[in-house]
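Residue-level structure breakdown
Take a look at the letters that make up each chain.
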Number of protein chains: 2
Amino acid sequence: MGSFKGQADYSVDKKGRIAIPAKMRLALRPEAVGTFTMTRGFEPCIYLYPLDEWLRKESQYASLNQYDRRVRHLVRTILMWADEVTLDAQGRIGLSKPLMDYATITARALIIGAMDRIEIWDPDAFQKYLKDQPDDHEALAESVMGS
Amino acid sequence: MGSFKGQADYSVDKKGRIAIPAKMRLALRPEAVGTFTMTRGFEPCIYLYPLDEWLRKESQYASLNQYDRRVRHLVRTILMWADEVTLDAQGRIGLSKPLMDYATITARALIIGAMDRIEIWDPDAFQKYLKDQPDDHEALAESVMGS
DNA sequence: GGAATATTCCCCACTTTTCCCCACTTTGTA
DNA sequence: TACAAAGTGGGGAAAAGTGGGGAATATTCC
């Protein structure tokens, strides 16, 4: 099965809906067709996981010890942003208010395929993110990937 | 049988009632439809467990050694706050006075889905809680979840 | 013990949001 | 160039959230 890749600049309508690029829809596994869980990204963007991928993550959280204060905090601050959504007949999803707010998304959004997830960015926020990163694509690749 | 997730800022009316978000109601297992047990959270909030989940917890407490002073104290301080509630025809529950007091809940409340339970927070208390936590979300996630 | 008062619960009514469906425009392709 | 698929927008029915009246039940006080 394919992983998500590519980018697209799509509109977010007044109802908070955004289309998922057809190419990314096609990369979905049969188990996950039409259902995603969106949640807060580590960066100021929205992460979108296909159902099966998300269930894998959730079962990891479930296995943690809930009597550990740090675990409760982690689970709380991750799950509170999570929202399960389904594609409508036009291949769109509705973004939740809290996440649109967090990612400062308004009329348009950048959709980026990132391996096992899809990321949704406000175009300006993404530019700012790029500017704040050390502009050394090659060195980063070398340090992360080894030689 | 999904787990609870998401957040909502709902009103608490003069009668102490608060609606449970439809999405969370839908995440209930058939055995637990409509019945919850609310109790005091470890944090300054109210924990809300679906019936089946609560019964599981109760049997855990029952299996502890009651001749251990600490066990008796734990069980006592958890159960004294517990209260079984049922959804009314509009999908709401009534919060108990002692718990509203404990969680300093007044006119509005933040409802957070946290895996096997629902948490009810006073909005201000939640902000304060967040501020008091070490803001190392990313590092924590990495250490707890591995990479 | 009984009346006055308070509380709980059930029901109805209103407002807002969500979701389903239809329609149009644009893009890509045969 | 025609056709199909992809992307965009909006109307309207249905559901969700909110507030309050009033009967039934419990509590308090004389």
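Heads up: the structure comes first, above all this text.
Quick caveat, the model's predicted, so the values are computed rather than measured.

Scanning chain A for helices and strands turns up 6 helices and 8 strands. Reading the secondary structure of chain A in the N-to-C direction produces β-β-α-β-β-α-α-β-β-α-β-β-α-α. Relative to the globule expectation of 15 Å for 147 residues, the C-alpha radius of gyration of chain A, 16 Å, shows essentially globular dimensions. Taking all 147 residues of chain A together, the buried fraction comes to 47%. Across chain A, contacts joining residues at least 24 apart in sequence account for 61% of those joining residues at least 6 apart.

Every residue near DNA strand C is listed here: A:Lys15, A:Arg17, A:Gln90, A:Arg92, A:Lys97, B:Lys15, B:Arg17, B:Gln90 and B:Arg92. Each atom of DNA strand C within 4 Å of the protein was classed as base or backbone; sugar and phosphate made up 7%. A:Lys15 places a side-chain nitrogen or oxygen 3.3 Å from a base nitrogen of DNA strand C. One nitrogen or oxygen atom from the side chain of A:Gln90 is found 2.9 Å from a base nitrogen belonging to DNA strand C. Residue classes in the surface near DNA strand C are distributed as no nonpolar, 2 polar and 7 charged.

Applying the stated criterion across every chain, the model contains 23 salt bridges over all chains. Across the pair B:Asp52 and B:Arg29 runs a salt bridge, and its minimum N-O distance is 3.0 Å. One end of the pair, B:Asp52, is in helix α2 (residues 51-63); the other, B:Arg29, is in the loop between α1 (22-26) and β3 (35-40), with 23 residues separating them in the sequence. Bridged by salt links that share partners, the residues A:Arg72, A:Arg76, B:Glu43, B:Asp116, B:Arg117 and B:Glu119 form one connected network.

It is worth spelling out the nonpolar core at this point. Grouped together as the largest cluster of nonpolar side chains are 38 residues, with contacts concentrated most on A:Leu95 and A:Ile105. The residues contacting A:Leu95, other than those within four sequence positions of it, are A:Gly16, A:Ile18, A:Met38, A:Ile46, A:Met100, A:Ile105 and A:Ile120. Counting 24 residues, the second largest nonpolar core, distinct from the first, contains B:Met38, B:Trp81, B:Leu99 and B:Ile105.

Turning next to a nonpolar patch on the surface. On the surface, a nonpolar cluster with roughly 360 Å² of combined accessible area is contributed by A:Leu140, A:Val144 and A:Met145. For A:Val144, the position within the fold is in helix α6 (residues 137-145).

All names here are of chain B. Reading across the sheet, the 6 strands line up as β1-β7-β8-β4-β3-β5 and stay open at both edges, with antiparallel pairing between neighbours. Single-partner strands in this sheet number two, and they are β1 (7-11) and β5 (83-86). This sheet shows a mean twist of 30 degrees between the axes of neighbouring strands, independent of strand direction. Where β1 and strand β7 (residues 108-114) come together, 5 bridges link them in antiparallel fashion. Along β7, the bridge assignment pairs Ala8 with Ile111. On the sheet, helix α5 (residues 123-132) packs against β7 and β8 (117-121) and is oriented at approximately 55 degrees with respect to β7.

Rules used throughout
Residues numbered from 1 in each chain as written. Chains lettered and ligands numbered in written order. Predicted model: local features only at pLDDT ≥ 70, side-chain atom pairs only at ≥ 80, totals over all residues. Heavy atoms only, no water. Helix = DSSP H or I, 4+ residues; strand = E, 2+ residues; numbered from the N terminus. Rg over C-alpha atoms; globule rule 2.2 N^0.38 Å. Buried < 20%, exposed > 50% of the residue type's maximum accessible area, 1.4 Å probe, protein only. Contact = heavy atoms within 4.5 Å. Near = heavy atom within 4 Å. Polar contact = N/O pair within 3.5 Å; in protein donor to acceptor, adjacent residues only side chain to side chain. Nonpolar A, V, L, I, M, F, W, Y, C, P; charged D, E, K, R; others polar. Salt bridge = Lys/Arg side-chain N within 4 Å of Asp/Glu carboxyl O. Core = buried A, V, L, I, M, F, W, Y, C linked by side-chain atoms within 4.5 Å. Patch = residues over 30% accessible without salt bridge, like charges linked within 9 Å, V, L, I, M, F, W, Y side chains within 5 Å. Areas by Shrake-Rupley, 256 points an atom, 1.4 Å probe, with all protein chains shown as cover. Pairing = 2+ DSSP bridges. Axes fitted to C-alpha atoms, helices over the stretch in contact; angles between N-to-C directions.

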